[in-house]
Amino acid sequence: MVKFGLRLSQNRAPEYPPEAYMDYDKLKEIIHELKKKKLARVDSTTREVSLTAPPPTNAAGRQLTADDSPVTEEDFYSTIDKELAKVESFTLQQVTELRKQIDNVENEVKGWVVTSTATAATSTVHKMNESQIESSRESADTVAKSFLILEKYVNINFMGFHKILKKHDKNSPQHQCKQFYINRMHQQAWVRGDYSDVVVRLSNIYSALRDDHAAEENKDGGQQSFLRSTTKYWVRTEDVSKVKYAILKHLPVFLQKTSTGESDSQLTNSVYFDNDQLELYHGRLDKTPGAIAYRLRWYGAGNPKLVFCERKTHRDTWTGEASVKERFTVDESEVKQVLNDKYPIDEKRKEMQSKKGATADEVDDWETLVREMIQVVQVKQLVPTMRTQYMRTAFQIPFDATVRISLDTNLCMISERGYDTLGGAKWFRDPEKPLADNEITRFPHAVLEVKLELGGANAEPPQWVTDLQNSGMLYEVHKFSKFIHGCAALLPEYVRSVPYWVDDASIRDSILRSGGGRILVKQDHDTGVG
């Protein structure tokens with residue numbers, strides 16, 4: 001195994017000066033000096049002192065201190081503080097420079113449009129020529145690659161601090177400080193900073209260069225026969241930004257409105273329902289024809305306001321029927337009525353007809369779905385069982401379903417069992433109350449979902465999609481389900497069988513941390529993502 005000091009030197013970006021990186025060797029040398037000396041120590045069991053007796057001394061006759069050495073723990077603390085400050089300062093400096101570069105590219109694209117439109121009086125809609133497009137695309141590529149270099153810089157330093165702190169605590173167990181500094185790092189801007197604006201602005205630039213609006217206007221609206229497919233992949237955290245960059249060169253990010261502006265991702269919560277026997281879990285796991293998943297979903301931070309009541313129904317592909325997802329919306333105040341079979345369907349039906357202008361068929365379909373979803377709660381005695389939470393980034397050209405991609409990061413599953421639902425009034429855990437380790441499992445990878453709709457002129461997937469699939473950054477996991485994984489990891493005593501992916505070595509530790517070790521087979525060898 002390559003020592004980290006060597007790995008750090010080998011992975012320095014040539015664009016950055018060596019002194020911009022943490023001084024791992026200096027910190028290591030301090031630890032070595034602290035370890036090398038057999039430090040004399042005061043008697044920690046003594047409870048009394050004398051104000052007239054001289055203090056204890058060491059074998060050399062010098063006054064005994066906690067660290068009888070020219071190198072002290074304070075040297076380590078002050079050095080690591082300086083190194084953290086240095087890395088943070090350099091990171092923020094580079095981010096500022098990147099944003100200036102993006103300003104220049106945006107102005108360049110706007111400049112092409114303004115200059116050319118002024119000389120093209122016969123055209124009301126300007127399209128940049130190929131040389132202009134290529135010039136701006138190269139500029140955007142340069143910014144994106146610079147961002148990926150910066151992220152690699154952040155990750156190698158982040159790992160370096162983790163390793164040096166672990167080494168320190170191992171050699172100075174009486175002065176452990178790793179957890180303190182790890183918590184501190186997570187509060188610093190170079191680690192927790194949100195740079196999604198870079199992704200959003202790059203997406204807008206590439207979208208303008210592709211002229212995505214033209215793709216929307218030229219879309220063939222005729223009836224065609226399409227082959228639809230959905231494939232799910234795991235993506236290592238270190239590859240998330242590279243995957244985003246590979247996608248946004250071809251598909252725009254679906255922008256999300258936030259309190260601070262536009263973001264490339266949105267918080268998504270889904271509470272899945274099941275009964276004491278986990279009937280829905282086992283039906284979905286076994287792919288039983290007609291097996292359903294029942295969930296209540298809401299978007300954005302804070303308590304839900306608009307709730308999506310959703311039902312997913314499995315169909316075997318050999319039957320010629322496609323699995324379907326159906327949903328209707330209710331206010332959060334109406335969820336209890338849905339769960340207790342007191343939802344005013346007739347009143348809502350009239351409202352749809354009068355205020356929303358729905359057709360008779362649409363209203364009938366809505367009523368059928370609502371009644372079936374209300375009934376299944378009562379018949380199967382469904383209760384809140386598992387919640388999934390993640391940040392979703394969506395990529396799609398508007399009104400073009402040829403390629404749709406979603407990327408879910410910061411994924412965790414939370415057990416929704418063990419509290420009083422108060423007759424349906426409470427259908428998700430109080431977010432202010434802490435969770436025990438066996439009530440939450442944090443998934444170590446991002447989840448990418450690629451949906452293709454192929455047919456007609458698009459009989460084959462675009463080459464860039466194939467290239468992405470073969471890039472080595474995606475690990476295909478057939479039929480991966482967040483709901484199924486959460487139940488298996490957090491409710492191990494209730495499941496009769498588990499999904500095949502739980503034995504992947506890359507997710508093993510996350511399952512063990514949440515107390516789901518009983519679902520794992522004995523580990524004979526390491527296999528898994530990365």
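Everything here concerns the structure above.
What comes next concerns the included structure. (Residues numbered from 1 in each chain as written. Predicted model: local features only at pLDDT ≥ 70, side-chain atom pairs only at ≥ 80, totals over all residues. Heavy atoms only, no water.)

## Re the overall build of the protein chain
Then step 1. The secondary structure content of the protein chain amounts to 16 helices and 12 strands.
Then step 2. Restricting to contacts in the protein chain with at least 6 residues of sequence separation, those with at least 24 account for 72%.
Then step 3. Of the roughly 29,500 Å² of accessible surface on the protein chain, 49% is carried by carbon and sulfur atoms. (Helix = DSSP H or I, 4+ residues; strand = E, 2+ residues; numbered from the N terminus. Contact = heavy atoms within 4.5 Å. Areas by Shrake-Rupley, 256 points an atom, 1.4 Å probe, with all protein chains shown as cover.)

## Here's the deal with the pairing of strand 11 (residues 445-454)
Then step 1. Here strand 11 lies mainly inside the structure; nine of its 10 residues are buried.
Then step 2. Taken together, the six bridges between strand 9 (residues 403-415) and strand 11 define a ladder with antiparallel strand orientation. Paired with Arg404 across the strands is Lys451, a residue of strand 11. (Buried < 20%, exposed > 50% of the residue type's maximum accessible area, 1.4 Å probe, protein only. Pairing = 2+ DSSP bridges.)

## Topic: helix 5 (residues 178-185)
Then step 1. Among the residues making up helix 5, those that are buried are Tyr181, Ile182 and Met185. Seen along its axis, helix 5 keeps its buried residues to an arc of 105°; they face one direction. In helix 5, those exposed residues whose orientation departs by more than 90 degrees from the buried face are Gln179 and Phe180. (Arc of directions from axis to C-beta.)

## Describing empty space enclosed by the protein
Then step 1. Taken as a whole and assessed by the stated rule, the structure comprises one cavity of 30 Å³ or more.
Then step 2. Counted as a void, the largest cavity has a volume near 80 Å³.
Then step 3. Lining the largest cavity, in full, are Ala144, Phe147, Leu148, Val198, Val199, Leu202, Ser241, Lys244, Tyr245 and Leu248.
Then step 4. Contributions of two or more residues to the lining of the largest cavity are made by helix 4 (130-171), helix 7 (196-210) and helix 9 (240-248).
Then step 5. Along the lines of polarity and charge, the residues of the lining of the largest cavity split into eight nonpolar, one polar and one charged. (1 Å grid on protein atoms, 1.4 Å probe; cavity = no way out; pocket = protein on both sides within 12 Å on 5 of 7 lines; lining within 4 Å. Points joined across faces, edges and corners; volume = space filled by probe spheres on them. Nonpolar A, V, L, I, M, F, W, Y, C, P; charged D, E, K, R; others polar.)

## A short note on the packing of aromatic side chains
Then step 1. By the definition in use, this model includes 23 aromatic pairs.
Then step 2. On the numbers, 6.0 Å between centres and 65° between planes, the contact of Phe161 with Trp190 is edge-to-face. Taken together, the residues span a long stretch of sequence, with Phe161 in helix 4 and Trp190 in helix 6 (residues 189-192) at a distance of 29 residues.
Then step 3. By relative accessible area, which is 0% here, Phe161 ends up buried.
Then step 4. Among the aromatic residues, those joined into a cluster by ring pairs are Trp234, Phe443, Tyr475, Phe480, Tyr500 and Trp501.
Then step 5. Cation over ring: Arg417 sits above Tyr494, and NZ or CZ is 4.9 Å from the ring centre. (Phe/Tyr/Trp six-rings, centres within 6.5 Å; stacked < 30°, edge-to-face > 60°. Lys NZ or Arg CZ within 6 Å of the ring centre and 35° of its normal.)

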